[in-house]
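# Results of the structural survey
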Amino acid sequence: MRGIAWNDGWRFSLEQPPSPHKTDIDDSGWENVRIPHDWSIVSGYSEEAEACTGYLPGGLGWYRKTFVTSEDMCQKAVFINFDGIYNRASIYCNGELVTFHPYGYSPCLVELTDYLNPCGEKNVIAVRVDHTRYADSRWYTGSGIYRKVSLYILPKVRIPVWGVKLTPVVKGDQSAVIHCNVQLENTTAFESTAKVKVILTDPCGKRLYEKKYKKMIAAGYREELDAELTVEEPKFWDIHEGNLYGVRIEAKVQGEVQVMEERTGIRYFHFDADKGFFLNGRSRKIKGVCLHHEAGLAGAAVPLDMWKRRLLALRECGCNAIRTAHNPASEDFLDLCDEMGFLVQEEFFDEWDNPKDKRKNGTEKTVDYITRGYTEFFKDYAQQDLQNVIRRDYNHPGIFQWSIGNEIEWTYPKYNQATGYFNADASGNYFWTLPPYSKEQIREKIARLPRDMYDVNKTAHRLSKWVKDMDTTRPVVANCILPSASYESGYTDALDIVGYSYRQVVYEYGHKNYPDKPIMGTENLGQWHEWKHVLEKEYIPGIFLWTGIDYIGEAQSCGWPQKAMKNGLLDLNGNPRASYHMFRSLWREDPYIHIVTQKVSDSLYKLDENGNLAEKEEGSWKRRLWRWHEVNEHWNYTEQEMTVIEVYSNCEEVALYLNDRHLGTHRLDEFEDHIYKWAVPYEAGTLRAVGVTGVKSVEAQCSTTGFFEKLILHADKKNLQADIDSAIHLELLLTDEKGQRIRTQEAEVEFVVEGPAIIIGTDNGDNSNVQNHKNLKLMTYQGLAMLVVQGKEKGRIGIYAKSGNTRSDAIEIQVN
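Here's what I pulled together on the structure shown here. This structure is a prediction, so every number in the text was calculated from the model and none was measured. (Residues numbered from 1 in each chain as written. Predicted model: local features only at pLDDT ≥ 70, side-chain atom pairs only at ≥ 80, totals over all residues. Heavy atoms only, no water.)

## Considering the overall build of the protein
For the protein, the helix and strand inventory stands at 12 helices and 48 strands. The C-alpha atoms of the protein give 28 Å as radius of gyration, which agrees with the globular expectation for 816 residues (28 Å, within 12%). If one aligns the C-alpha atoms of the protein with their principal axes, the spans along those axes are about 90 × 70 × 60 Å. The proportion of buried residues among the 816 residues of the protein is 61%. Residue pairs at least 24 apart in sequence account for 70% of intrachain contacts in the protein once pairs closer than 6 positions are excluded. A total accessible area of about 31700 Å² is found for the protein, and carbon and sulfur atoms account for 45% of it. The positive charge centre, built from 97 side chains, and the negative charge centre, built from 117, are 3 Å apart in the protein. (Helix = DSSP H or I, 4+ residues; strand = E, 2+ residues; numbered from the N terminus. Rg over C-alpha atoms; globule rule 2.2 N^0.38 Å. Buried < 20%, exposed > 50% of the residue type's maximum accessible area, 1.4 Å probe, protein only. Contact = heavy atoms within 4.5 Å. Areas by Shrake-Rupley, 256 points an atom, 1.4 Å probe, with all protein chains shown as cover. Lys, Arg positive; Asp, Glu negative; His and termini not counted. Charge placed at Lys NZ, Arg CZ, Asp CG, Glu CD.)

This is the structure we're talking about:
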């Protein structure tokens, strides 16, 4: 976050005392909280709540912070930026309403200057957060001031917050220019001259040079200063190479200096309707995942170290792009993506003019009080929210697309009928069936439709214009669930790129009928058949899998106590699933191999008359949906029970051994579904798979484990900073006497924490675990439990775990 961190010293209450926004009420009994803060995840799960938002409550909460008007504040302008409040926030200063901010995902920048008390006196900021409509989304949102807060104390002649725009332009391999646009505003009654110094540093922090400028700003006016910063032999920002140049702007007016610091990356890219995506002159495939903004046990108030661990795991898989589904991300998350070299499609809205039915998710039946969402405010606030996000995020080099909407077509149902899917032979099966009506028929039917007050194409064009008024360097995209209608309704005319949501079946249709418009997958199934289309079709630049990580909510098809679906490459704890290993083999070129197992009776396969494995439903791999089929990461079965061994690998051939006995060698091209398979009678011991490509080989093992004997506690680091971004993950494993992780036994375990620690939460990765995450005692799942802690203050934290009479070694953590 930019500005001065303003996250400590807040008080919070879910009670409703009289006039909590007034300065003279007694808030000493309120809870002391540190921002970011999410009260819903702390409140705990309830079967009485709604599945769409993960069985977690909302409510009406108040925050208060008391501060003194400093001498600096008396002489300057004072702003606060809330990076995210969920939602319907009313912000008061000294009892007066400053602003109302309904959208939960856009930044809220407010000026307090005219509301402050005289120098040396106390002030009270009060924030009312109305999340009584707690099922107003199709996924878990969190409640409260769940992102950081920053304070800005700026001169009366100043660079405003978000007042610096950096635009890199590459002149060739050996040269680039960073266009630096600086806004300068004069809020005084006198003309002023600003002396501006612009300093450029390279990705290692070395100062390259500085430039000096003078700019006259008339009283009450805003001027712009443009600087061109030439970079010879630039280090390009690239996939997984977060080379960031620093730009420091010093604006001096009458001896007072204001400093603004920004970063950017030098890169260039384009989309070609026939050839796909090019970054820095090279053809690249977009290996993307969709991510919601919460992180399991932390809810929506996520320490940055939690995101770093998760993004590192995705990067290890070969993932190179993130879609911020279905809303703008935090400023800190985008900083992290820049540093780690992730492309980002930043999405603005899940609803436009008309609401979605959060419970039914696509069948738009009913909207009642608790499910009323942003649509109520869209008409009046959409432009402000969209453009403030762009102002805040313009300088992030990772952002390469702005998405104006997600599956919006559902909310304009008259267009859906024009496709023929819902009133013809296709019976609504738009996943695998081409549009029943021809392009001409769809066009004719749409032409006869009456125009409504709010029309999808008009709104799309308005949103696209608002984007392009702010930024013409990045394409506008949307995630279209029924593109065959969207092309003819005029919706896609507003887009530079048409994103397809689960519509691989119409890739060829779209490319043939609308050849000048680039297309790509913007929401896709985490299955091999999705990636196969990308490899086979040069004009498809890539996809975004649904999803990279499991997320709380959208669980109405699961039923209590399932709080989440198993769609992610990573589970709720951020640990890999079987699908992760498959995509690790697809998305990276270095040799990789991974073993999973299953009983034949529980698998997708059967034994044919020759004893070979065959799909129970022939060709079903081509139509597998979100959830990966059930497999196990263990080798513990009943003797001679027939099992399926699956191996996920990119090697040309793989040999399988059981207790060093060769069970056969296969080639990858023997398997249409890209999964090596063997049928093997169970025998205790060790499975070993050896993959070979050319002269390179790699191997994986899976061994029979014994009974639970030991607890092994691992920490991902041993040092913490006493701040809101630093966190440590502690994984607890049940192991046998050899130290092998046991996945077939469970135990109740308890974490014991001593010292200045803040408990972020515990979880076991099981989507049906609905106990409160602050509980230090829980059951393992597949032999694992996890604890995440932060440091409260400097000192030492000691942590160990126990289960009955079994105790782990203690881990000591230093808090600095």
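## Some remarks on the packing of helix 5 (residues 375-393) against helix 8 (residues 456-470)
Across the interface, helix 5 lies against helix 8 with an axial gap of 9 Å and an inter-helix angle of 30°. Between helix 5 and helix 8, the angle falls in the class roughly parallel. Between helix 5 and helix 8 lies a crossing whose hand is right-handed. Contacts between helix 5 and helix 8 involve F378, A382, Q383, L386, Q387, I390 and R391 from the first element and T459, L463, W466, V467, D469 and M470 from the second. Here the contact of helix 5 with helix 8 is built from residues that sort into eight nonpolar, three polar and two charged. (Axes fitted to C-alpha atoms, helices over the stretch in contact; angles between N-to-C directions. Parallel < 35°, antiparallel > 145°, perpendicular 65-115°, else oblique. Left-handed = near helix turned anticlockwise from the far one by under 90°. Nonpolar A, V, L, I, M, F, W, Y, C, P; charged D, E, K, R; others polar.)

## Here we look at empty space enclosed by the protein
Scanning the model with the defined rule gives five cavities of 30 Å³ or more in all. Counted as a void, the largest cavity has a volume near 270 Å³. The wall of the largest cavity is formed by 22 residues, among which R147, H293, W307, S330 and F333 lie closest to the centre. At the level of elements, helix 3 (304-317), strand 23 (321-324) and helix 4 (331-340) are the ones that each hand at least two residues to the lining of the largest cavity. Classifying every residue of the lining of the largest cavity gives 12 nonpolar, five polar and five charged. Around the second largest cavity sit 19 residues that line it, and Y86, Y103, D136, E351 and Y374 are the ones nearest its centre. In terms of residue class, the lining of the second largest cavity is made up of eight nonpolar, five polar and six charged. (1 Å grid on protein atoms, 1.4 Å probe; cavity = no way out; pocket = protein on both sides within 12 Å on 5 of 7 lines; lining within 4 Å. Points joined across faces, edges and corners; volume = space filled by probe spheres on them.)

## A closer look at the sheet that holds strand 27 (residues 497-501)
Read around the closed barrel, eight strands run 22-23-24-25-26-27-28-29, paired in parallel fashion. Adjacent strand axes in the sheet meet at a mean angle of 25°, parallel and antiparallel pairs treated alike. With four bridges connecting them, strand 27 and strand 28 (residues 519-525) associate as parallel partners. Across the sheet, Y500 pairs through a bridge with G521, a residue of strand 28. Taken strand by strand, helix 11 (residues 528-536) contacts strand 22 (286-291), strand 28 and strand 29 (542-546), and its axis lies near 170° from that of strand 29. (Pairing = 2+ DSSP bridges.)

## Some words on the environment of T693
One can find T693 in strand 37 (residues 686-693). Setting aside its immediate chain neighbours within four residues, T693 contacts N650, C651 and E652. Here the side chain of T693 touches E652 through a polar contact of 3.0 Å, landing on its backbone nitrogen. (Polar contact = N/O pair within 3.5 Å; in protein donor to acceptor, adjacent residues only side chain to side chain.)

## Things to note about the packing of helix 3 against helix 12 (residues 578-587)
Closest axis-to-axis distance for the helix 3/helix 12 pair is 8 Å, and the angle between their directions is 50°. Here helix 3 lies oblique to helix 12, going by the angle between them. Packed against helix 3, whose contacting residues are A313, E316 and C317, the element helix 12 presents Y580, F583, R584 and W587 at the interface. Grouping the constituent residues of the contact of helix 3 with helix 12 by class yields five nonpolar, no polar and two charged.

## Some details on the environment of L720
With respect to the helices and strands, L720 occurs in strand 40 (residues 719-720). The exposure class of L720 is buried, given its relative accessible area of 0%. With sequence-adjacent residues up to four places away left out, L720 is seen in contact with S726, A727, I728, V789, Q790, G791, I797, I813, Q814, V815 and N816.

## Looking at the nonpolar core
Counting residues in hydrophobic clusters, the biggest one holds 129 residues, and the most contacted among them are L311, I322, F349, W352 and I404. Those residues within four positions of L311 in sequence are excluded, and the remaining contacts are L291, I322, F333, L336, C337, M340 and F342. Membership of the second largest hydrophobic core comes to 28 residues, among which are I35, Y63, I125 and V149. (Core = buried A, V, L, I, M, F, W, Y, C linked by side-chain atoms within 4.5 Å.)

## Considering the pairing of strand 19 (residues 269-272)
Covered by surrounding structure in strand 19 are F269 and F271 only, the residues H270 and D272 on the alternate face being uncovered. Taken together, the four bridges between strand 19 and strand 20 (residues 276-279) define a ladder with antiparallel strand orientation. Each residue of the ladder has a partner; that of H270, found in strand 20, is F278. Adjacent in sequence and paired antiparallel, strand 19 and strand 20 are bridged by three residues.

## Examining the packing of aromatic side chains
Two descriptors summarise a pair of aromatic rings, namely the distance from one centre to the other and the angle between the planes of the rings. A complete count under the given rule lists 42 aromatic pairs for this structure. Ring geometry for F12 and W39: centres 5.4 Å apart, planes at 25°, overall stacked. Taken together, the residues span a long stretch of sequence, with F12 in strand 2 (residues 10-13) and W39 in helix 1 (residues 39-43) at a distance of 27 residues. Classification of W39 by relative accessible area gives buried; the value is 2%. Chaining the aromatic ring pairs together yields one cluster made of Y86, Y103, Y105, F348, F349, Y374, F378 and W402. Lying over the aromatic face of Y437, K445 brings its terminal NZ or CZ to 4.9 Å of the ring centre. Cation over ring: R688 sits above Y657, and NZ or CZ is 4.6 Å from the ring centre. (Phe/Tyr/Trp six-rings, centres within 6.5 Å; stacked < 30°, edge-to-face > 60°. Lys NZ or Arg CZ within 6 Å of the ring centre and 35° of its normal.)

## Some details on the side chain of Q183
Relative to the elements of secondary structure, Q183 occurs in strand 13 (residues 175-186). The class for Q183 is buried, based on a relative accessible area of 16%. Among the polar contacts made by the side chain of Q183, one reaches the side chain of R222 at a distance of 3.0 Å. For Q183, the residues in contact, after removing those within four places along its chain, are R158, I159, P160, G163, R222, E223 and E224.

## A closer look at helix 5
An α-helix turns once every 3.6 residues. As a result, residues three or four positions apart point the same way. With 19 residues, helix 5 should cover 27 Å at 1.5 Å per step; its first-to-last C-alpha distance of 23 Å lies more than 12% under that length. At Y381, helix 5 shows its largest kink, close to 75°. (Expected span 1.5 Å × (residues − 1). Bend = angle between axes of the 7 residues up to and from the residue.)

## Points about the layout of surface pockets
By volume, the largest pocket amounts to about 980 Å³. Contributing to the lining of the largest pocket are 36 residues, with P576, E633, R741, R743 and Q782 lying nearest its centre. Residue assignment for the lining of the largest pocket shows that the elements contributing at least two residues are helix 12, strand 30 (593-599), strand 38 (696-703) and strand 41 (728-735). Top contributing element to the lining of the largest pocket by residue count: strand 38, with four residues. Along the lines of polarity and charge, the residues of the lining of the largest pocket split into 12 nonpolar, 15 polar and nine charged. Here the second largest pocket defines a volume of roughly 670 Å³. Forming the boundary of the second largest pocket are 27 residues, of which R34, P36, H37, I758 and K774 lie nearest the centre. Listed by contribution, the elements that provide at least two residues to the lining of the second largest pocket are strand 3 (31-33), helix 1 and strand 43 (757-763). Residue contributions to the lining of the second largest pocket peak at four residues, all from helix 1.

## Topic: unusual backbone geometry
In this model, I35 is joined to P36 through a cis peptide bond whose omega is 5°. Residue Y86 is joined to N87 through a cis peptide bond whose omega torsion reads -15°. With respect to the helices and strands, the residue N87 is situated in the loop between strand 5 (77-82) and strand 6 (89-93). Phi at R88 is positive, roughly 45°, even though this residue is not glycine. By relative accessible area, R88 is classed as buried at 5%. Phi angles above zero are rare outside glycine, and H240 is one such case at about 60°. By secondary structure assignment, the location of H240 is in the loop between strand 16 (222-232) and strand 17 (245-253).

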